[in-house]
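For reference, the chains in residue letters:
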Amino acid sequence: MSKEEKNEIAEAILEKGQQPIGDGHDSERIWHNGRYIEYYRKVMADAIGIDPDKIPDNMYIHHIDGDRMNNDIDNLMLCTKKAHENLEMILDPHHYDPE
């Protein structure tokens, strides 16, 4: 993929109000307390009645259907880092295969 094609894709993502996440996935982002956060963190925090910044660093939000743009609360699950890794390994074992 050329640099121009990558720039076009990035511009299209930004036009839709999304911000790239550092791990190579795309997810809707919102401005919160002076920085961008993933929208699904806000959805989960609202559901449990806390500020998104209060979700502990060792807790992950798993998208049940695997679609990081589907931020419906029924598609989100708050879990520990270890539980999230186990879920991801079950759902996509080749991603964690060392070979």
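Residues numbered from 1 in each chain as written. Predicted model: local features only at pLDDT ≥ 70, side-chain atom pairs only at ≥ 80, totals over all residues. Heavy atoms only, no water.

## A look at the side chain of His84
Inspection of the secondary structure assignment puts His84 in helix H3 (residues 81-91). In this structure His84 comes out as buried when scored by relative accessible area, which is 15%. A distance of 3.5 Å separates polar atoms of two side chains, one belonging to His84 and the other to His62. Not counting the four nearest positions on each side in its chain, His84 is found in contact with Tyr60, Ile61, His62 and Cys79. (Helix = DSSP H or I, 4+ residues; strand = E, 2+ residues; numbered from the N terminus. Buried < 20%, exposed > 50% of the residue type's maximum accessible area, 1.4 Å probe, protein only. Polar contact = N/O pair within 3.5 Å; in protein donor to acceptor, adjacent residues only side chain to side chain. Contact = heavy atoms within 4.5 Å.)

## What to know about a nonpolar patch on the surface
A cluster of nonpolar side chains, contributed by Ile48, Ile50 and Leu78, occupies part of the molecular surface with about 210 Å² of accessible area. Along the polypeptide, Ile50 turns up in the loop between helix H2 (39-48) and strand E4 (59-63). (Patch = residues over 30% accessible without salt bridge, like charges linked within 9 Å, V, L, I, M, F, W, Y side chains within 5 Å. Areas by Shrake-Rupley, 256 points an atom, 1.4 Å probe, with all protein chains shown as cover. Salt bridge = Lys/Arg side-chain N within 4 Å of Asp/Glu carboxyl O.)

## Some points on unusual backbone geometry
Look at Asn33: it is not a glycine, yet its phi comes out positive at around 50 degrees. Tracing the backbone through its elements, the reader meets Asn33 in the loop between strand E2 (26-32) and strand E3 (35-38).

## Some thoughts on the pattern of salt bridges
Counted according to the given criterion, the structure contains two salt bridges. We note a salt bridge from Asp53 to Arg35, for which the minimum N-O separation is 2.6 Å. Of this pair, Asp53 sits in the loop between H2 and E4 while Arg35 is found in strand E3, placing the two residues 18 residues apart along the sequence. Its relative accessible area of 42% is what places Arg35 among the partly exposed residues. For Asp46, the salt bridge goes to Lys42, with nearest N and O atoms at 2.9 Å.

## Things to note about the environment of Ile64
Relative to the helices and strands, Ile64 is located in the loop between E4 and strand E5 (76-80). Take Ile64: its relative accessible area is 46%, and that puts it in the partly exposed class. Distance from Ile64 to Asp74, taken between C-alpha atoms, is 8.4 Å for residues 10 residues apart in sequence. If sequence neighbours within four positions are ignored, Ile64 has contacts with Asp74, Asn75, Leu76 and Met77.

## Let's talk about the nonpolar core
Core analysis: the biggest nonpolar cluster contains seven residues, these being Tyr40, Val43, Met44, Ala45, Ile55, Ile61 and Leu76. In terms of residue count, H2 provides more of this core than any other element does, four residues in total. (Core = buried A, V, L, I, M, F, W, Y, C linked by side-chain atoms within 4.5 Å.)

## Regarding the confidence of the model for the protein
Chain-level pLDDT for the protein is 80 on average; 70% of the residues reach the 70-or-more range. Per-residue pLDDT stays below 50 along residues 20-24; that stretch engages in 10 contacts with residues further than four places along the chain or on separate chains. (pLDDT = per-residue confidence, 0-100.)

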